[in-house]
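Residues per chain, in single letters:
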Amino acid sequence: MARPFLFGTNFKMNQTPAASAAFYQQLAASVQIRPGTGLFVIPPFTSLGAVTEVAGQPPHRIWVGAQNVHWAPEGAYTGEISVRMLLALGLDLVLLGHAERRQYFHETDVELNRKAQSALEGGLRVLLAVGETAEERSFDVGREIVLRQLKIGLHEVRAEHTELLQIAYEPVWSIGAGGTPAHPEDVSPMAEAIRSGLEALFGERGNQVPILYGGSVDPVNAGTFTALPDIDGLFVGRAAWSVEGFIATYEAGIRGWHGDG
Ligand code: PGA
């Protein structure tokens, strides 16, 4: 079975509810979703209600995701949001383990495993982000780091839940305005390692999990990543924060995926 091509953006700590809803509506009205591909947007928590309102009934044509979740169903966790709360809004997806959450909020792989388990048990799709820092890369342990993140983050995840799972490989050194864009030659062996890691964990089902690339992706370089055999899509920040940029990067990614980038 061919893996789908997935493309989406995370708005990080940007946008009011009105801005996110307007983006979603404009995107839904103007994007042509190509066969075999899926789209998603991940606004901040405070925008989720406004976005799901304009998105209509779930499952949404363009998935709506949250940037984080807590593992407990409810309780004394001030400032946190549970899987139940996200499902009650009709969300399709949750992003876990973004580099900024790992770096600034000290999220550990063990915590991410609890989050992943509770999201998947609840039937919520998980986009698990993994990636090595510049320092780890300088010691040539990127592969080990990413496999460790994968093995702990997905520990005891049931094989049938792989249908709800996607991985984003985002080298930390390539993310954001201060990042150095990665080259496809950097990404290819890491994507291969992730694919092998998924197969070691889940057998043949691991082969069906989409792996997205993220980190300074733009319409110019998008197709160079999606041309790689183990890359099944893109997870984009800045370049996709305008509807035009989102669509241009998606289209460029698809061209690379089809082999005519
Ligand atoms: P960027 O962000 O595309 O702006 O580098 C990527 C990310 O943080 O996922």
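Here is a short report on the structure shown in this document. By convention here, each chain's residues receive numbers from 1 onward along its written sequence. The predicted nature of this model means local features are confined to residues of pLDDT at least 70 and side-chain atom pairs, given and counted, to a pLDDT of 80 or more, with totals for whole chains, interfaces and linings taken over all residues. Hydrogens and water are ignored here; the side-chain numbers use all heavy atoms of the structure.

1. Some points on the site of the ligand
Consideration 1: Around the ligand, a shell composed of Lys12, His98, Glu170, Ile175, Gly176, Gly215, Ser216, Val236, Gly237 and Arg238 is seen.
Consideration 2: Between the ligand and the protein, one listed contact pairs an oxygen atom with a side-chain N or O atom of Glu170 at 2.5 Å.
Consideration 3: Under this definition, polar contacts are N or O atom pairs within 3.5 Å; protein pairs additionally need one hydrogen-donor-capable and one acceptor-capable atom, and for neighbouring residues in sequence, both atoms have to be side-chain atoms. In the model, an oxygen atom of the ligand is placed 2.9 Å from a nitrogen or oxygen of the Gly237 main chain. Here a residue is considered near a molecule or strand provided that any single heavy atom belonging to it is located within 4 Å of it.

2. Topic: the layout of surface pockets
Consideration 1: The computed volume of the largest pocket comes to approximately 490 Å³.
Consideration 2: What lines the largest pocket is a set of 19 residues, and nearest its centre among them are Lys12, Met13, Gln67, Glu100 and Phe105.
Consideration 3: Strands are runs of DSSP state E lasting at least 2 residues, helices are runs of H or I lasting at least 4, and numbering of each runs from the N terminus. Elements that contribute at least two residues to the lining of the largest pocket include exactly helix H2 (45-55) and helix H4 (99-104).
Consideration 4: When residues of the lining of the largest pocket are assigned to their parent elements, the largest contribution, 5 residues, is made by H4.
Consideration 5: Just so you know the grouping, Ala, Val, Leu, Ile, Met, Phe, Trp, Tyr, Cys and Pro go in nonpolar, Asp, Glu, Lys and Arg go in charged, and all remaining residues, Gly too, go in polar. Taken together, the residues of the lining of the largest pocket break down into 9 nonpolar, 7 polar and 3 charged.
Consideration 6: Grid points spaced at 1 Å over the protein atoms alone were grouped into cavities, where a 1.4 Å probe fits but cannot get out, and pockets, open sets with protein on both sides within 12 Å along at least five of seven lines, with lining residues defined by an atom within 4 Å of a point. Grid points are joined across faces, edges and corners, and a volume is the space filled by probe spheres set on the points. By volume, the second largest pocket is sized at about 260 Å³.

3. Some details on the pattern of salt bridges
Consideration 1: A pairing counts as a salt bridge when a side-chain nitrogen of Lys or Arg comes within 4 Å of a carboxyl oxygen of Asp or Glu. This model, assessed by the stated rule, comprises 14 salt bridges.
Consideration 2: Of the charged contacts in the structure, one is a salt bridge between Lys12 and Glu100, with a shortest N-O distance of 2.8 Å. Residue Lys12 is found in the loop between strand E1 (5-10) and helix H1 (17-30), and its partner Glu100 is found in helix H4; the two are separated by 88 residues along the sequence.

4. Observations regarding unusual backbone geometry
Consideration 1: Cis geometry is adopted by the peptide bond preceding Pro59, which originates at Pro58 and carries an omega value of -5°.
Consideration 2: Summarising the element assignment, Pro59 is placed in the loop between H2 and strand E3 (62-66).
Consideration 3: The backbone phi angle of Lys12 is positive, close to 55°, even though this residue is not glycine.
Consideration 4: The phi dihedral of Ser216 falls on the positive side, at around 50°, and the residue is not glycine.
Consideration 5: Along the polypeptide, Ser216 turns up in the loop between strand E7 (211-214) and helix H9 (222-226).
Consideration 6: A relative accessible area of 15% means that Ser216 is categorised as buried. Between buried and exposed lies partly exposed: a residue is buried under 20% and exposed over 50% of the maximum accessible area for its type, with that area taken using a 1.4 Å probe on protein chains only.

5. Here we look at helix H5 (residues 109-121)
Consideration 1: The span expected for a helix works out to 1.5 Å for each residue beyond the first. Helix length check: H5, at 13 residues, gives a terminal C-alpha distance of 18 Å against a target of 18 Å (1.5 Å per residue), a fit within 8%.
Consideration 2: Those residues of H5 that fall on the buried side of the exposure criterion are Asp109, Leu112, Asn113, Lys115, Ala116, Gln117, Ser118, Ala119 and Leu120.
Consideration 3: Close packing links the buried residues of H5 with helix H3 (83-88), strand E4 (93-96), H4, strand E5 (125-130) and helix H7 (142-153).
Consideration 4: After H5 finishes, the residue Gly123 shows a positive phi value of roughly 90°. Contact definition: two residues touch when any of their heavy atoms are within 4.5 Å.

6. Some thoughts on the side chain of Gln117
Consideration 1: Among the secondary structure elements, Gln117 is positioned in helix H5.
Consideration 2: Apart from the residues lying within four places of it in its own chain, the contact partners of Gln117 are His155, Glu156 and Val157.

7. Focus: the nonpolar core
Consideration 1: Core analysis: the largest hydrophobic core is formed by 63 residues, its most contacted members being Leu27, Val94, Leu154, Ile167, Ile194, Leu198 and Tyr213.
Consideration 2: Ignoring sequence-local partners within four residues, the contact set of Val94 consists of Ala66, Asn68, Val69, Leu86, Ala119, Leu124, Arg125, Val126 and Leu127. We define a nonpolar core as any set of buried Ala, Val, Leu, Ile, Met, Phe, Trp, Tyr and Cys residues linked to one another through side-chain atoms lying within 4.5 Å.

8. As for the sheet that holds E1
Consideration 1: Here, any two strands with at least 2 DSSP bridges between them count as paired. Strands sit in the order E1-E2-E3-E4-E5-E6-E7-E8 around a closed barrel of 8 strands; the barrel is parallel. The mean angle between the axes of side-by-side strands here comes to 25°, regardless of whether they run parallel or antiparallel.
Consideration 2: Taken together, the 2 bridges between E7 and strand E8 (residues 233-236) define a ladder with parallel strand orientation. Residue pairing in the sheet places Tyr213 in a bridge with Leu234 of E8.
Consideration 3: Running over the sheet, helix H8 (residues 184-202) touches E5, strand E6 (165-169) and E7 and is turned about 150° from E6. To define axes, lines are fitted to C-alpha atoms, for helices over the stretch in contact only, and angles between the resulting N-to-C directions are given on a 0 to 180 degree scale.

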